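As a plain string of letters, each chain reads:
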Protein chains: 4
Amino acid sequence: MAQMMKAAIFVEPGRIEIAEKPIPDVGPNDALIKITTTTICGTDVHILKGEYPVEKGLTVGHEPVGTIVKLGSAVKGYQEGQRVIAGAICPDFNSYAAQDGAPSQDGSYLVASGRCGCHGYKLTAGWRFGNLIDGTQAEYVLVPDAAGNLAPVPDGLTDEQVLMCPDIMSTGFVGAENANIKIGDTVVVIAQGPIGLCATAGAKLRGATTIIAVDGNDERLAVAKKLGADVTLNFRNVDVVDEVLKITGGKGADSAIEALGLQSTFEQAMRCIKPGGTLSSLGVYSSDLKIPLGPFGAGLGDHKINTALCPGGKERLRRLMNVIESGRVDLKPLVTHERKLDDIVEAYDLFANQRDGVLKIAIKP
Amino acid sequence: MAQMMKAAIFVEPGRIEIAEKPIPDVGPNDALIKITTTTICGTDVHILKGEYPVEKGLTVGHEPVGTIVKLGSAVKGYQEGQRVIAGAICPDFNSYAAQDGAPSQDGSYLVASGRCGCHGYKLTAGWRFGNLIDGTQAEYVLVPDAAGNLAPVPDGLTDEQVLMCPDIMSTGFVGAENANIKIGDTVVVIAQGPIGLCATAGAKLRGATTIIAVDGNDERLAVAKKLGADVTLNFRNVDVVDEVLKITGGKGADSAIEALGLQSTFEQAMRCIKPGGTLSSLGVYSSDLKIPLGPFGAGLGDHKINTALCPGGKERLRRLMNVIESGRVDLKPLVTHERKLDDIVEAYDLFANQRDGVLKIAIKP
Amino acid sequence: MAQMMKAAIFVEPGRIEIAEKPIPDVGPNDALIKITTTTICGTDVHILKGEYPVEKGLTVGHEPVGTIVKLGSAVKGYQEGQRVIAGAICPDFNSYAAQDGAPSQDGSYLVASGRCGCHGYKLTAGWRFGNLIDGTQAEYVLVPDAAGNLAPVPDGLTDEQVLMCPDIMSTGFVGAENANIKIGDTVVVIAQGPIGLCATAGAKLRGATTIIAVDGNDERLAVAKKLGADVTLNFRNVDVVDEVLKITGGKGADSAIEALGLQSTFEQAMRCIKPGGTLSSLGVYSSDLKIPLGPFGAGLGDHKINTALCPGGKERLRRLMNVIESGRVDLKPLVTHERKLDDIVEAYDLFANQRDGVLKIAIKP
Amino acid sequence: MAQMMKAAIFVEPGRIEIAEKPIPDVGPNDALIKITTTTICGTDVHILKGEYPVEKGLTVGHEPVGTIVKLGSAVKGYQEGQRVIAGAICPDFNSYAAQDGAPSQDGSYLVASGRCGCHGYKLTAGWRFGNLIDGTQAEYVLVPDAAGNLAPVPDGLTDEQVLMCPDIMSTGFVGAENANIKIGDTVVVIAQGPIGLCATAGAKLRGATTIIAVDGNDERLAVAKKLGADVTLNFRNVDVVDEVLKITGGKGADSAIEALGLQSTFEQAMRCIKPGGTLSSLGVYSSDLKIPLGPFGAGLGDHKINTALCPGGKERLRRLMNVIESGRVDLKPLVTHERKLDDIVEAYDLFANQRDGVLKIAIKP
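Just so you know, these numbers come straight off a predicted model, no measurement behind them.

**With respect to the pattern of salt bridges**
Then comes step 1: For the structure shown, the criterion picks out 96 salt bridges over all chains.
Then comes step 2: Of the charged contacts, one joins C:Asp288 and D:Lys290 as a salt bridge, the two residues approaching to 3.6 Å between their closest N and O atoms. With C:Asp288 in the loop between β12 (273-281) and β13 (289-291) and D:Lys290 in strand β13 (residues 289-291), the pair connects residues from two separate chains.
Then comes step 3: Close ionic contact of D:Asp145 with D:Arg128 constitutes a salt bridge, the shortest N to O distance being 2.8 Å. Taken together, the residues D:Asp145 in the loop between β6 (140-143) and α4 (146-149) and D:Arg128 in the loop between α3 (108-112) and β6 connect sequence positions 17 residues apart.
Then comes step 4: Through salt bridges with shared partners, a single network forms among A:Asp100, B:Lys182, B:Asp185, B:Lys251, B:Asp254, B:Lys274, C:Glu315, C:Arg318 and C:Arg319.

The structure is reproduced here in structure tokens:
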């Protein structure tokens with residue numbers, strides 16, 4: 001008989017609860033990981049609220065830190081007992097999408113054929129944990145395509161140090177990578193939640209020398225300063241676009257990274273950038289987006305708008321952990337709280353309501 | 001006393017007329033060109049209708065073919081009498097914008113500082129002829145920053161063969177260049193007016209092997225076939241998005257080039273592309289643009305949206321004329337009519353109303 | 001007891017012979033292919049001569065066209081009986097190298113640690129067939145990492161039409177892709193053997209409009225003309241560098257593709273390119289290469305030198321077959337001869353000595 | 001009668017001396033700059049020794065910091081009295097080369113037509129000061145194409161703070177920019193003279209997190225640590241290639257920047273990089289370069305070799321000064337000495353013999 005484990009499952013809108021589930025079987029290309037630390041993401045809150053639909057009974061969560069318990073017969077190059085992480089997005093690197101430069105997007109293809117105005121477009125993409133398959137807020141998780149997705153944690157790094165790598169750091173950094181940053185650039189990063197903070201750190205790593213961090217929360221702006229912001233703007237106190245134009249001598253920023261997902265922040269990003277500039281969007285939007293005609297130069301502005309889903313894979317994760325290990329970026333300030341898996345209902349409540357200065361919560365099974 | 005010349009000037013909305021104007025003086029970095037052939041652009045029709053504001057009395061037109069009459073004292077490397085073209089956009093290559101990779105956008109900077117919801121954003125950019133300075137529908141035109149903008153016409157090419165280079169071909173081609181085309185790509189080109197036809201030709205030159213040309217006019221689709229389209233879709237007869245998904249096995253096109261400037265065509269382009277794909281926009285839009293949530297993957301689709309203004313400069317034009325000279329692309333089918341400068345009022349009428357199968361009209365001073 | 005098959009094996013320097021071998025077992029990520037057509041490559045001739053060392057008894061050949069006979073238990077998305085090809089290079093797409101943008105180079109890493117002046121550097125890279133594992137000049141071949149490497153052949157394409165895809169076309173095209181070609185470029189392609197001919201076709205597909213093909217064999221130059229060369233130079237009759245400088249007005253070509261692998265051709269390529277230009281090398285060199293100081297601008301020429309190993313993977317192959325299917329490029333003229341597998345010894349002799357106008361030989365088990 | 005000024009001129013091999021020369025006249029696109037600080041470069045030492053030929057009587061030096069004294073009639077956007085710098089390389093941004101992406105290389109074209117084995121290749125490129133026209137080791141210098149090349153110094157930056165921008169910093173940084181650095185890369189920087197030190201700082205700015213600085217001088221390695229090196233290797237004590245392979249687990253570095261210009265350092269760089277890696281060369285070589293076969297993977301290693309000449313232009317310099325102003329990089333440790341222009345003979349002696357821990361000398365007219 002299958003052994004059982006605890007897992008946080010989606011029961012119905014408004015209810016995520018701890019339940020007992022069988023520990024999954026391991027196929028030839030899988031790996032079974034014992035979770036030592038995981039966390040809650042904004043997307044999980046959308047799932048909790050029923051705003052993003054998943055199957056009832058699915059284990060939620062997509063940010064694993066843990067230990068290999070069992071390896072599939074065809075998975076080479078790892079040992080049981082090894083400490084690993086895997087990405088929020090576990091691409092199938094054999095897929096056409098991956099070989100074509102978009103590993104996160106495998107599986108979107110079939111879905112795309114049903115896209116239309118009436119019934120929408122399901123955002124599966126390469127995101128599997130806590131979306132298409134059981135996730136990481138559990139004692140164990142099964143990692144598919146393990147040979148491409150298990151990333152060994154270097155000795156000397158704690159769970160908390162690498163907890164942002166699977167999603168938050170990878171997403172924030174791709175925002176910076178997609179912003180076409182050159183040395184000496186002025187970059188505006190709009191919203192300084194965990195992902196925006198990582199985008200700020202990423203913009204610094206790419207050579208931006210005037211990083212303008214925008215938020216309405218002074219505590220978050222203070223963290224942004226530590227992570228690389230040269231200027232912070234609290235949108236409650238100043239007109240962000242005016243300030244950016246002032247700082248750049250009327251020229252506009254070289255790029256803006258939009259890390260929230262609202263019409264207003266997208267539009268603000270568009271208004272901040274120069275002709276020829278880049279808008280790098282990390283937002284998950286919930287309705288049609290409007291591009292304002294004037295700042296868009298009526299389509300003649302040589303603008304670039306880039307969007308991204310969190311990149312995954314063991315090489316990506318290896319690099320992110322290398323950034324941590326090198327000391328270039330310290331993301332520990334983002335892990336503000338710790339809770340037991342058994343207390344996850346309360347942890348969701350704390351996180352969803354942004355109480356107590358919470359940024360991210362380490363969840364311990 | 002200054003010598004006089006004939007020029008087509010903007011009088012008031014609805015009226016462009018031939019008038020007498022002084023032949024301009026030549027500064028140290030200018031060149032005076034005697035126009036042998038020019039043409040009318042869709043933008044000129046917007047000016048005529050008063051939809052795009054220019055100063056009263058300005059000479060319109062921005063597509064010059066002609067002969068050097070006089071060179072500024074600091075302009076080296078040319079001879080008077082030489083046949084040349086210049087771009088619709090004549091960048092100042094010494095500008096910060098040009099050195100920063102966006103030569104067409106110099107001069108937008110100052111304007112940008114006044115951008116806001118209320119009074120819009122003036123689309124000057126590097127476009128000067130027939131916008132900020134006197135244009136080409138005249139006997140003579142003064143080319144600013146001549147050392148960077150005069151492109152000698154190779155012997156053996158007629159005026160008609162190079163007439164598309166200053167604007168139509170350069171714009172259509174940048175649409176293809178911005179589409180991130182790889183060998184073997186499927187590219188949808190939406191609208192087959194002169195610019196869309198050039199985008200089709202450009203997509204072929206970059207290695208797309210399934211080029212899907214879309215229009216509502218079967219004659220234009222027939223020209224598209226000649227210029228490189230593998231498949232043509234008349235949107236009056238088929239659902240374009242359905243066809244594209246059918247052709248690509250449900251995956252979506254690698255990129256789409258939007259060459260019209262409507263909400264509906266922009267949206268269609270977005271619906272045609274794959275996750276990870278590129279929307280290359282050439283449209284000049286006249287109102288805020290809506291990005292439909294579903295096809296946009298709610299912002300998680302790894303999509304790229306690129307816009308462009310026609311690239312200019314003598315090196316760009318040299319390359320475009322090389323394409324013509326090599327025989328790779330034959331754009332003569334685009335020049336369907338010829339009129340004298342004196343008959344330009346009638347020519348505007350013919351062109352604006354798309355009568356008689358007109359694509360472009362050669363105007364002869 | 002294992003069933004047996006015929007295979008061309010390396011016996012000793014100077015001897016490749018047909019032998020009986022067991023048909024291999026199929027692991028969970030493998031696929032067994034019944035070869036319908038394969039061919040001989042220049043590298044195979046190096047193996048035959050003992051210039052490139054492989055294990056005795058290894059089946060040679062790396063260019064498979066065939067039918068799926070058996071699929072590994074974990075290989076999804078294919079059917080037995082399906083016609084497929086696989087690349088000369090079958091990358092492990094789960095490897096760090098693949099995720100890091102160099103799928104062909106997985107496996108080179110460990111070898112690299114032993115590199116030194118004395119004992120050299122074994123060129124394994126991702127090339128497995130006929131190098132590290134049994135190859136394709138046999139009745140059957142086992143494809144590793146099948147989910148990423150099997151590419152279904154579109155209906156209507158013959159074996160001969162796709163026979164160049166696994167190696168020759170993929171290699172020639174990457175030469176063009178690595179040459180940083182822009183529309184209107186002048187590109188010199190040095191040597192018009194099968195790979196050079198494909199580089200010529202590839203340069204045309206990327207938008208070069210002055211393609212200068214160089215060889216010493218007028219028949220090959222005539223094929224080059226058909227595949228896209230605008231100018232052909234027989235190096236026996238003219239000074240190639242002088243001609244290129246003449247054609248480009250003293251400026252030099254935008255790029256040169258070196259498709260032979262000699263010091264002299266590499267150097268010629270270097271001498272042909274402009275300051276700021278690219279040398280795209282496809283050669284397999286057999287001794288240290290010398291970069292001539294003057295043409296290299298003493299290191300100040302803003303030059304780029306790019307090398308490549310044949311790209312593999314099902315998406316690459318899908319695109320190459322799409323190029324064939326679209327009719328853009330017809331490589332049938334490259335398959336000049338046909339032989340039975342049983343006659344492979346004679347086929348090697350014919351091919352190695354370039355008799356009878358041979359370009360490539362279709363080998364039929 | 002022309003006013004006179006002091007200038008350091010090349011008299012004959014072994015002799016650079018202070019002489020009187022007329023202050024130059026100002027053409028329409030020129031600007032006359034009163035030098036407040038300049039410096040001596042390694043190239044100047046080559047000129048002094050007669051290893052790099054220039055005309056007798058030419059004023060040497062190419063790194064100007066000063067004040068605008070007189071502007072040409074066509075130079076807009078500056079005021080006399082303004083503090084400015086100009087690049088070591090002052091491109092003509094109207095040239096074909098500049099519009100084609102290689103501004104530093106204008107003027108190389110004509111020279112290229114004479115290139116051959118016997119009489120070499122004159123390295124003029126876009127380098128004019130102290131090479132083709134009078135240079136900066138003087139009281140005044142005439143800046144050609146001033147509208148593209150004069151970069152105003154931000155208030156609050158001293159001469160010493162911006163003295164590295166015209167050449168050393170721009171060159172070192174382009175070495176990093178050409179190394180295709182991604183976040184998390186391992187980069188080896190070979191030689192930690194002034195340019196190598198800037199390459200180290202540049203690699204950090206681009207996101208490398210394991211920067212390995214190599215030199216034989218421990219003092220320079222200590223400066224490298226301050227500028228971003230994670231690991232320093234003194235080649236007198238360790239085998240550099242072995243160490244790099246050890247640090248990278250046998251894989252090799254993602255890229256290496258060669259900042260010296262010897263066969264041995266070039267080769268070491270080649271041996272350090274992974275298959276698929278980049279060798280970014282900043283060296284000025286003095287004889288044919290040899291690429292070692294093994295580390296080059298016989299041409300099959302997917303390697304990239306990029307060379308560069310110092311980028312110039314006002315936008316480039318604006319960005320570099322922005323880096324300084326932001327505090328990201330502090331290059332004051334590179335200016336170790338100060339001398340009067342009158343004492344330049346002694347300054348050359350000090351610099352050429354690397355006495356007294358000299359890195360760069362501020363020269364004050």
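**Some remarks on the interface of chain A and chain B**
Then comes step 1: Counting residues at the interface gives 53 residues for chain A and 53 residues for chain B.
Then comes step 2: Salt-bridge contacts for B:Asp100 lead to A:Lys182; the nearest nitrogen and oxygen are separated by 3.0 Å.
Then comes step 3: Counting every contact that joins chain A to chain B gives 21 residue pairs in polar contact (both at pLDDT 80 or more).
Then comes step 4: Elements with a minimum of two residues in the side of chain A that touches chain B: α3 (108-112), α10 (263-272), β12 (273-281), β13 (289-291) and β14 (304-307) of chain A.
Then comes step 5: When grouped by side-chain class, the residues that make up the side of chain A that touches chain B number 24 nonpolar, 18 polar and 11 charged.
Then comes step 6: In this sheet, strand β14 (residues 304-307) of chain B lies alongside β14(A) in antiparallel orientation, the contact comprising 3 bridges. Following the sheet pairing, A:Ile305 is matched in β14(B) by B:Ile305.

**Thoughts on the pairing of strand β1 (residues 4-12) of chain D**
Then comes step 1: Of the strand pairs in this sheet, β1(D) and strand β2 (residues 15-22) of chain D are connected by 8 bridges, and their pairing is antiparallel. Of the residues in β2(D), the one forming a bridge with D:Glu12 is D:Arg15.

**Some words on the domain arrangement of chain A**
All names here are of chain A.
Then comes step 1: According to the domain assignment, chain A consists of domain 1 (4-167 + 310-364) and domain 2 (179-307).
Then comes step 2: Listed per partner, the contact involves 11 residues of domain 1 and 9 residues of domain 2.
Then comes step 3: Between domain 1 and domain 2, roughly 880 Å² of surface is buried when both sides are summed, and carbon and sulfur atoms account for 80% of that area.
Then comes step 4: By the criterion of area lost to domain 2, the three top residues of domain 1 are Val 329, Leu 334 and Leu 359, representing 46% of everything that side buries.
Then comes step 5: At the junction of domain 1 and domain 2, the tally comes to 2 residue pairs in polar contact (both at pLDDT 80 or more).
Then comes step 6: Of the residues belonging to the side of domain 1 that touches domain 2, the class tally is 6 nonpolar, 2 polar and 3 charged.

What counts, and at which threshold
- Residues numbered from 1 in each chain as written.
- Chains lettered and ligands numbered in written order.
- Predicted model: local features only at pLDDT ≥ 70, side-chain atom pairs only at ≥ 80, totals over all residues.
- Heavy atoms only, no water.
- Salt bridge = Lys/Arg side-chain N within 4 Å of Asp/Glu carboxyl O.
- Helix = DSSP H or I, 4+ residues; strand = E, 2+ residues; numbered from the N terminus.
- Contact = heavy atoms within 4.5 Å.
- Polar contact = N/O pair within 3.5 Å; in protein donor to acceptor, adjacent residues only side chain to side chain.
- Nonpolar A, V, L, I, M, F, W, Y, C, P; charged D, E, K, R; others polar.
- Pairing = 2+ DSSP bridges.
- Domains from an automatic or database assignment.
- Buried area = accessible area lost by both parts, 1.4 Å probe.

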